[in-house]
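Single-letter residue listing:
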Amino acid sequence: MNLTAGELSMPTPRHIVDAAIAAAQDPSRHGYGNAAGDPELRDAISGWAARSLGIRADRAQVAVTNGAKQALHNALRSLAGPGDEVIVPAPYWVTFPEAIRLAGATPVFAYPREGHVLPGAADLDAVRTPATRAVIICSPHNPTGAVHDDTELEQIVRWAAGHRIWVISDDTYRDLRFADIRPTPRAALDAGCDVVSIGSTSKSHAMTGWRTGWLIAPPEITATAIAIQSHTSSNVSRVAQAAALAALTGPDVATETRRELRCLRDELMGVFSAAGISFPAPEGAFYLFPPTSAHGGLDDTELAGRLLEDSGVAVVPGAAFGAPGHVRVSYAGAPETVSDGVRRLAAALGAGR
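To keep things clear, this report deals only with the structure shown in the data block. A quick note: this is a predicted structure, and the numbers were derived from the prediction, not measured.

**A few points about the pairing of strand E6 (residues 195-200)**
And step 1. Here E6 lies mainly inside the structure; six of its six residues are buried.
And step 2. Because side chains alternate across E6, one face comprises the buried residues Val 195, Ser 197 and Gly 199, and the other comprises Val 196, Ile 198 and Ser 200, equally buried.
And step 3. As defined by bridge partners, strand E5 (residues 166-170) adjoins E6 across four bridges and the pair is classed as parallel. Within E6, the position partnered with Val 167 by the bridge is Val 195.
And step 4. Following the backbone out of E5, through helix H7 (residues 184-190) and into the adjacent parallel E6, one traces a crossover that is right-handed.
And step 5. As judged from the four bridges shared by E6 and strand E7 (residues 213-216), these two strands associate in the antiparallel manner.

**A look at the side chain of Thr 172**
And step 1. Topologically, Thr 172 is positioned in the loop between E5 and H7.
And step 2. Reaching out from Thr 172, the side chain makes a polar contact with the side chain of Asp 170 at a distance of 2.5 Å.
And step 3. The contacts of Thr 172, once residues within four sequence positions are left out, are Ala 68, Ile 198, Gly 199, Ser 200 and Lys 203.

**Thoughts on the sheet that holds E6**
And step 1. Strand order in the open sheet made by the seven strands is E1-E7-E6-E5-E4-E2-E3, with mixed pairing throughout. Among the strands making up the open sheet, the edge pair consists of strand E1 (62-65) and strand E3 (106-110). Across the sheet, the axes of successive neighbouring strands diverge by a mean angle of 20°, strand direction being ignored.
And step 2. Against the sheet, helix H2 (residues 39-53) contacts E1, E6 and E7, and its axis sits at roughly 110° relative to E1.

**Considering helix H6 (residues 150-162)**
And step 1. For H6, with 13 residues, the first-to-last C-alpha span of 18 Å sits near the 18 Å given by 1.5 Å per residue.
And step 2. Residues of H6 that are buried include every one of Leu 153, Ile 156, Val 157, Trp 159 and Ala 160, and no others. One face of H6 carries all of its buried residues, which in axial projection span an arc of 155°. Facing away from the buried side of H6, by more than 90 degrees, are the exposed residues Thr 151 and Gly 162.
And step 3. Where H6 is buried, its residues contact strand E2 (85-89), helix H5 (121-125), strand E4 (132-138), E5 and H7.
And step 4. The residue sitting at the N-terminus of H6 and contributing the capping side-chain oxygen is Asp 149; that oxygen lies 3.1 Å from the backbone nitrogen of Thr 151.
And step 5. Two residues or fewer after H6 comes Arg 164, characterised by a positive phi angle close to 55°.

Rules used throughout
Residues numbered from 1 in each chain as written. Predicted model: local features only at pLDDT ≥ 70, side-chain atom pairs only at ≥ 80, totals over all residues. Heavy atoms only, no water. Buried < 20%, exposed > 50% of the residue type's maximum accessible area, 1.4 Å probe, protein only. Helix = DSSP H or I, 4+ residues; strand = E, 2+ residues; numbered from the N terminus. Pairing = 2+ DSSP bridges. Right-handed = clockwise from strand over helix to strand, strands pointing away. Polar contact = N/O pair within 3.5 Å; in protein donor to acceptor, adjacent residues only side chain to side chain. Contact = heavy atoms within 4.5 Å. Axes fitted to C-alpha atoms, helices over the stretch in contact; angles between N-to-C directions. Expected span 1.5 Å × (residues − 1). Arc of directions from axis to C-beta.

Here it is as structure tokens:
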């Protein structure tokens, strides 16, 4: 049973597919487009930013990218280079340090204090140097599903503003949050901090394969990011852009998805609790990050291999995210399959304690 997937198991909603079909049949969409993205999609992203992030961003601040990965790459190439450092809070999405290295900069890892899931401002400051150019914040978080509460977030953005450090906010899971959390871009702007927001339709609308993402930044940074993209991939598929436009302006599918994910999360947390395994309940995304350190002396990579062999359950070792002693469990699949897989996993972990 595969509990590794970072994508919803549901198909892309029908109205989004229909919009793509219509676009594919429209000859006006068969040629090159603007490297920055189609104007109507950029405007729709601005509207999403107002609703979900609480920020005002005009078209000149928005660039459409081939997924959130390209948005991250373009942002880092626009902000950092050789001699610069970018702080990466651990645990982290595996692409963060590699994207920093591709930009020629150096990733510097900040780790949370004992008893905390994510690093706070003091942890970030402990690794800050004169070369620190930016910090990457991801909330809701991959791989833990954790979020920064308002107090933590306020401390982080005020720390960044005080040291003139850019905040790169990965908002990919913003619409899959279970709590009413303050968005990082809004908090950063309120603190007078420079911020770049990265988002996509991939997670909230089951569109991972469509590769539609975006970057929202001050106009001069967005202009640089667009120039970089014009000499790499040029415009995103205009059929995919039509699909993303339908996702952002059509029926709200994220609300029902959040409800279903939250119910499944609660069920799965109960399974782990019954097995004697305790860890914080995630407040967003669709990941669990249970500890494995007490399991028979095996490290997380060895344990993942043993689980696959003995229980037929595939999980991702925490070492991949800079957090050994854990495994990442995705509950984005079919609920009945996920429930069965987590019961097997919890039984195996509980038996090793």
